[in-house]
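# Results of the structural survey
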Amino acid sequence: MNTWRSAFCSGLLALAAAAAATSVAASPSLVDRAKRPPKDAQGLLDLGVELRRGGLFLEAARVLRRAYPRATKGELAVRVRLEAARALIDAGEQQAAVKECRALGAVDPSARDVCTAEAHLLWKRASLALPLADGVLERTADHYDALVAKGRALEQMGQAAEAEAALKRAATVAPSRYEAHYYLGEALAARRKTKEALAALERAVAIAPEEPAPWLALGSLLPVGAKAREALEKAIALRPGFGAALARLGELRLALGDREGAKLALEQAIAGNDKVADWHASLGRVHLAGRDAAAARAASGRATKLVSNHAAALLVLADALALEGDIDLAIEAYERAFGHARTDPTPLVHAARACLSADRPTTARAFADRATQEFAEHGPAWEVRGDVANKEGDRKRAKLSYQRALAAKSGSVDRAGVSKKLAALR
C-alpha cells in the first residue's frame, strides 16, 4: 500500500488527539479578545467557538463558562455548555470534559448524554459511548448529535456498515451541519473508499469552510498535488500552528520535491508538540532526501524513544544505515521495520534496493522475491524485482517484472522510468 495513503488511513482517527496535544500560535487579535470577552451569552458563545477553531481550547472553555450564569435554559444554554465540553475534548482533557458534560444535566439530559458519549470516544471507549447515544435515540429518533456519536462509536467497534448507516442518516436529518459528512469521510477513507470519502469531505468543507479539521482530512486524502496543499494550508490559516496539518503539509511538500519547505513545516509541527513519533519519522525522511544520514538517525531515535516499535522510524534508521554504507546493520533494521508493519511492503522494497546498491544481489533477490510473493499487486516490489533480474542478467525475468510493475494495482511507480527500463530490454 502507498505509504502516504497508509499513513492517512491509520492516522486519521488519531488526528484529533495529535491536534489536541499541539500548542498553537493563535493570532494576537484572538488572544487579546479572549482576555477581554464580551458580557452577553451569545457574544461569549461566538468568541468561544472562534477560540476553539483557532486551537485555543482551554481559553475557549474558560470563556464559554462565563456564559453559564447568563444562559440557564433553552438552546443557548445547551450550546454554550456543549461547546465548552467539546473544547476540552479537543484539548485532550477527557476527564474534565466528562465533568463539563454533567453541567448539561439540569438543562438537557439528552445533550448531557451525547456530550459524555463524545468524551468517551476521545479515549476510544466506544462500548461506553454507544449505550448513551442509543438511549438518546430511544427518546428522540432523529437526534443529530446522537446519530453522529453512534456512528463514531460503531466505527471504533469495527461495525462499518452500521456506522455508515448512522452517519448517513444524521446527514439527512441536519443537511446544513458538517460533522456527519466529516466523520463519514474518515470512516470511508479508513476502508479505502477514496472516491466516496472525498465526496463526503468536500461536502463537509463546503458546509463549514471555517472549520479546520475537515480541511486537514481532505488535504490528507487528496492525491499529491496543488489541491491537497491548498486544503492543508487552509487548515493552518484557520488554526495557526495546527501541528497535524503542518506535519501533513511537510510530508506533502517532500512528495512534491520541496525538501526545504517540508523541513520547515515538520519542524514547526514538532516545535508545537515534540511527542508525536510520526512527525519525527517524517522529518527523518526529509533528512534522508537531503542525504543527511546522521540527522535522519537522530530523528528516528527521537521517534523510537516515544514509540519503540515505530515501523516508519525503523525504516528511516535502516535507510540511514544503508546510506552510510553499513549494509549489514541496515538489513537487520529493515527486518525489524517489516516485522512491525507486515501489511506494508515498503521495508522489503527499500531493503532490496539498498542491497542492490551495496552489491549484494543475492540478498536483494531474497527481499524482492519476498515482496512480490507477499504483495503480488504492489508495483514498486515488481520494479525492484526487475532491477535485480536485470543486474543478474536475466532479461526475461526483468522484462516480465517490469510489465507486472506497470500493471500493478497498488503502490506508485515512475511509469516513464519503468517503461524506459523495459524498452532497453527489447
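Residues numbered from 1 in each chain as written. Predicted model: local features only at pLDDT ≥ 70, side-chain atom pairs only at ≥ 80, totals over all residues. Heavy atoms only, no water.

## With respect to the overall build of the protein chain
Under the convention used in this document: Numbering of helices and strands starts at the N terminus; helices are DSSP runs of H or I of at least 4 residues and strands are runs of E of at least 2. As defined in this context, the radius of gyration uses C-alpha atoms, and a globule is described by 2.2 Å times the residue total to the power 0.38. Throughout this description, buried means an accessible area under 20% of the type-specific maximum (1.4 Å probe, protein chains only), exposed means over 50%, and partly exposed covers the range between. Two residues form a contact once any of their heavy atoms are found within 4.5 Å.
The helix and strand inventory of the protein chain stands at 26 helices and zero strands. Relative to the compact-globule value of 22 Å for 426 residues, the protein chain shows a C-alpha radius of gyration of 24 Å, a close match. With the C-alpha coordinates aligned to their principal axes, the bounding extent of the protein chain is approximately 80 × 40 × 35 Å. Looking at the protein chain residue by residue over its 426 residues, the buried ones come to 53%. Partitioning the intrachain contacts of the protein chain with sequence separation of at least 6 by distance along the chain shows that 55% fall at a separation of at least 24.

## Let's talk about the packing of aromatic side chains
Test applied: What counts as a ring pair is set by centres within 6.5 Å for rings of Phe, Tyr and Trp (its six-membered ring), and what kind of pair is set by the plane angle: stacked under 30 degrees, edge-to-face over 60, tilted for all other angles. In our convention, an over-ring charge means Lys NZ or Arg CZ found within 6 Å of a ring centre and within 35 degrees of that ring's normal.
The full count for this structure, using the stated rule, is two aromatic pairs. Each ring, one from Tyr-182 and one from Tyr-183, has its centre 4.8 Å from the other, and the planes form 45°; the classification is tilted. For Arg-81, the ring lying beneath its charged end belongs to Tyr-68, and the centroid distance is 4.5 Å. Between the NZ or CZ atom of Arg-239 and the centre of the ring of Phe-242, over which it lies, the distance is 4.8 Å.

## Here we look at the state of the cysteines
Covalent bonding between the sulfur atoms of two cysteines is what defines a disulfide. Let me state the cut-off plainly: Disulfides are defined as cysteine sulfur pairs within 2.5 Å.
For the structure on display, the rule yields one disulfide. Across the disulfide from Cys-101 sits Cys-115; the S-S distance is 1.9 Å. On the sign convention where negative means left-handed, the S-S torsion of about -75° between Cys-101 and Cys-115 marks this disulfide as left-handed. On the criterion of sequence distance, the pair formed by Cys-101 in helix H7 (residues 94-102) and Cys-115 in helix H8 (residues 109-122) is long-range, its members being 14 residues apart. Taking the relative accessible area as the measure of exposure, Cys-115 reaches 0% and is therefore buried.

## A closer look at the confidence of the model for the protein chain
Operational definition: The predictor attaches a confidence to each residue, and that confidence, scored 0 to 100, is pLDDT.
Per-residue pLDDT for the protein chain has a mean of 93; in total, 93% of the residues score no lower than 70. Here residues 1-24 is a poorly scored stretch, pLDDT under 50, and it has 64 contacts once near neighbours within four places are set aside; other chains count.

## A closer look at H7
Where we set the bar: For this quantity, the arc is that covered by the directions from the helix axis to the C-beta atoms.
If you check which residues of H7 are buried, you get Gln-94, Ala-97, Val-98, Glu-100 and Cys-101. End-on view of H7: buried residues confined to an arc of 160°, all on one side of the axis. Opposite its buried face, H7 presents the exposed residues Gln-95, Lys-99 and Arg-102, each directed more than 90 degrees away. On its buried face, H7 sits against helix H5 (57-65), helix H6 (74-90) and H8.

## As for helix H22 (residues 346-357)
Threshold: What a helix is expected to span follows from its residue count: subtract one and scale by 1.5 Å.
The end-to-end C-alpha distance of H22 is 17 Å, a good match for the 16 Å that 12 residues give at a rise of 1.5 Å each. Of all the positions in H22, only Thr-346, Pro-347, Leu-348, Val-349, Ala-351, Ala-352, Ala-354, Cys-355 and Leu-356 are classed as buried. One or two positions beyond H22, positive phi appears at Asp-359, with a value near 60°.

## Observations concerning the packing of helix H13 (residues 194-207) against helix H14 (residues 212-221)
Heads up, the condition is: Comment: axis = line fitted to C-alpha atoms, over the contacting stretch for helices; angle = value between 0 and 180 degrees taken between N-to-C directions. Angle categories are assigned with fixed cut-offs, so that under 35 degrees is roughly parallel, over 145 is roughly antiparallel, 65 to 115 is roughly perpendicular, and the rest are oblique. Each crossing gets its hand from how the near helix is turned against the far one by less than a right angle, where anticlockwise is left-handed and clockwise is right-handed. Residues are grouped as follows: Ala, Val, Leu, Ile, Met, Phe, Trp, Tyr, Cys and Pro are nonpolar; Asp, Glu, Lys and Arg are charged; all remaining types, including Gly, are polar.
The contact between H13 and H14 brings their axes to 9 Å, and the two run at 150°. The orientation of H13 with respect to H14, classified from their angle, is roughly antiparallel. You can see that H13 and H14 cross each other, and the crossing is left-handed. Here H13 contributes Thr-194, Ala-197, Leu-198, Leu-201, Glu-202, Ala-204 and Val-205 to the contact with H14, which in turn contributes Pro-214, Trp-215, Ala-217, Leu-218 and Leu-221. Across the contact of H13 with H14, the residue classes tally to 10 nonpolar, one polar and one charged.

## Considering the environment of Leu-238
Following the sequence through the fold, Leu-238 ends up in helix H15 (residues 226-238). Separated by 153 residues in sequence, Leu-238 and Ala-85 have C-alpha atoms that sit 21 Å apart. Setting aside residues up to four positions removed in sequence, Leu-238 forms contacts with Arg-53, Gly-54, Pro-209, Glu-210, Glu-211, Pro-212 and Trp-215.

## As for the side chain of Ser-220
Threshold: Polar contact is the term for a pair of N or O atoms within 3.5 Å; when the atoms are in protein, one must be able to donate a hydrogen and the other to accept it, and sequence-neighboring residues count only if both atoms are side-chain atoms.
Take Ser-220: it is sitting in helix H14. A distance of 2.8 Å separates a polar atom in the side chain of Ser-220 from the backbone oxygen of Leu-216.

## Some thoughts on the packing of helix H10 (residues 144-156) against helix H12 (residues 179-190)
Contact pair H10 / H12: the axes reach a minimum separation of 10 Å and the direction vectors enclose 15°. Regarding the angle of H10 to H12, the classification is roughly parallel. As H10 runs across H12, the sense of the crossing is left-handed. Here Tyr-144, Val-148, Arg-152 and Glu-155 of H10 lie close against H12, whose contacting residues are Glu-179, Ala-180, Tyr-183, Ala-187 and Ala-190.

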